[in-house]
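Observations on the model geometry
Each chain, written out:
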Amino acid sequence: MSTVCRHGKESRSLTHKNDHCVGCGICVDMCPTEAIRLGPVMPVARGLLEADLININQKECCLCGLCAASCPFDALEFNLNGKNSKELGNYPQWTHNANIDSETCIYCGRCETACPQDAIYLKRVLPTIDELVRGETDIDKDKCIYCGICEEMCPANAIEIEFNQINSNNPQVASNIKIDESKCIYCSICKRVCPESAIKIVCTTCMSQEDIIIPEIEGNIILDDKKCINCGWCQEICPVDAAQVIKPFEGEIFYVDDFECKGDSCHACADVCPCNAISMVDNRSVVNPVFCTLCGACAKACPQKGIVIKRSSMKLKNIKSKSWNDRLGGLLHQASQSK
Amino acid sequence: MPVVIDLEKCGKIAECPGEGLCIKICEQGALIEKEGEIVLVPDNCDDCDLCIQNCPNQAISKE
């Protein structure tokens, strides 16, 4: 986290929140005084270095706030007299967002696994096994020879052979057996495998269908807005359409025609992509536009300058002045390639 | 065409902010460490230019 701060007629401060920054370089492109430089984004992404993803030159920065207004990831905070410019009505506002509807969510957890920013937290309460199956068990201890075959084969780990150290000189010799009915699924593997026919298992699950209530899986799902980068993974992967993502930009990402992608020996684009949208296929970079936010981090990281980002619209609203409109409008239509 | 290291700009491994970042970045083994020095193995370079782009001293280029 770094801050530029000056006091005059009013106090202005600009703070870079590195943990929100994806190293896309949009601020670098927007800064009118070229005060922002991109840091070592690729080495940081590979874990080779620890450094801020951008560097702000304090002397060059004019504290205009354009960078904070343009950042779709809320990684730059611009304050006027201690108030965040986003809360002042006359500064631009991003309107992209993401939401997971907990009413619709079935707590399958696919989004939590897929989220490239670990922005989704899921906690679910599953039913117990004995709520779902019915049956009876019985072991004839006169017949049981405590061989442990049933214990070894039980797929539910419901059988426990006990070793009674008081009654036996050798603690390896078993002296009791138990079936834990909260774990038993009445599959009868133990019964079939028992060499002494000492186990009886009766499964009544099918007969008791009407008594077994289909449980509703309860849970909690939280999408952390601060971590979310609106990549769209959750929306795409959700089987019940509980996740809705509005991305910051619409447009396209493509490769230049004569692109000599170095594929597996470079893979800088895939490393820096905050959305997990790029992979190497047949030694070439391949982007899945469904998961791309068009942030442009890959285009800036590509040493061959082979990736082109073409944004057609953005969810940045409330741009009031013409000069800001001209400047921020530069995010659209221009092909954003590495400089 | 393999890269060229400007020895005046290069801080060597000891002075490099990334402690020999180019060596760590190059997965082709075209930039290796030998007795504390950065050594170029031209035959291994496949012109990905990743080292050129990421050298903190801007010491790597192509002629």
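On a predicted model such as this, the values are computed, not experimentally measured, just so you know.

**Some remarks on the pattern of salt bridges**
Oppositely charged side chains may form a pair once their charged atoms are brought near each other. Evaluation of the coordinates by the stated rule reveals 13 salt bridges over all chains. Among the salt bridges present, the one from A:D74 reaches A:K86, with a minimum N-O distance of 3.2 Å. Taken together, the residues A:D74 in the loop between α3 (66–70) and β5 (76–80) and A:K86 in the loop between β6 (83–84) and β7 (93–94) connect sequence positions twelve residues apart. With a relative accessible area of 34%, A:D74 lands in the partly exposed category. Assessed through its relative accessible area of 21%, A:K86 is described here as partly exposed. For B:K62, the salt bridge identified is with B:D49, shortest N-O distance 2.7 Å. In this pair, B:K62 is assigned in the segment after β4 (60–61) and B:D49 in the loop between β3 (37–40) and α3 (50–54), connecting sequence segments 13 residues apart. The class of B:D49 is buried, set by a relative accessible area of 16%.

**Topic: the sheet that holds strand β1 (residues 2–7) of chain A**
Residue and element names in this part refer to chain A. Strand order in the open sheet formed by four strands is β1-β2-β5-β6, with antiparallel pairing between adjacent strands. Looking along the sheet, the strands with just one partner apiece sit at the ends: β1 and β6. Relative to β6, β5 is paired through two bridges, and the arrangement is antiparallel. Residue pairing in the sheet places N79 in a bridge with N84 of β6.

**With respect to the domain arrangement of chain A**
Taken domain by domain, chain A holds domain 1 (2–93), domain 2 (97–119 + 225–329) and domain 3 (129–203). Its C-alpha centre places domain 1 of chain A at a distance of 65 Å from the equivalent point of domain 3 of chain A.

**Some remarks on the interface of chain A and chain B**
The interface of chain A with chain B comprises 16 residues on the first partner and 14 residues on the second. For the pair chain A and chain B, the summed buried surface comes to about 1200 Å²; carbon and sulfur atoms form 53% of the total. When the buried surface of chain A facing chain B is broken down by residue, A:L48, A:S265 and A:P303 rank first, second and third, together holding 39% of it. At the boundary of chain A and chain B, one finds one salt bridge. Across the pair B:E27 and A:R46 runs a salt bridge whose closest N-O atoms are separated by 3.7 Å. Inspection of the region where chain A meets chain B yields eight residue pairs in polar contact (both at pLDDT 80 or more). Broken down by class, the residue content of the side of chain A that touches chain B amounts to nine nonpolar, three polar and four charged.

Parameters and conventions
- Residues numbered from 1 in each chain as written.
- Chains lettered and ligands numbered in written order.
- Predicted model: local features only at pLDDT ≥ 70, side-chain atom pairs only at ≥ 80, totals over all residues.
- Heavy atoms only, no water.
- Salt bridge = Lys/Arg side-chain N within 4 Å of Asp/Glu carboxyl O.
- Helix = DSSP H or I, 4+ residues; strand = E, 2+ residues; numbered from the N terminus.
- Buried < 20%, exposed > 50% of the residue type's maximum accessible area, 1.4 Å probe, protein only.
- Pairing = 2+ DSSP bridges.
- Domains from an automatic or database assignment.
- Contact = heavy atoms within 4.5 Å.
- Buried area = accessible area lost by both parts, 1.4 Å probe.
- Polar contact = N/O pair within 3.5 Å; in protein donor to acceptor, adjacent residues only side chain to side chain.
- Nonpolar A, V, L, I, M, F, W, Y, C, P; charged D, E, K, R; others polar.

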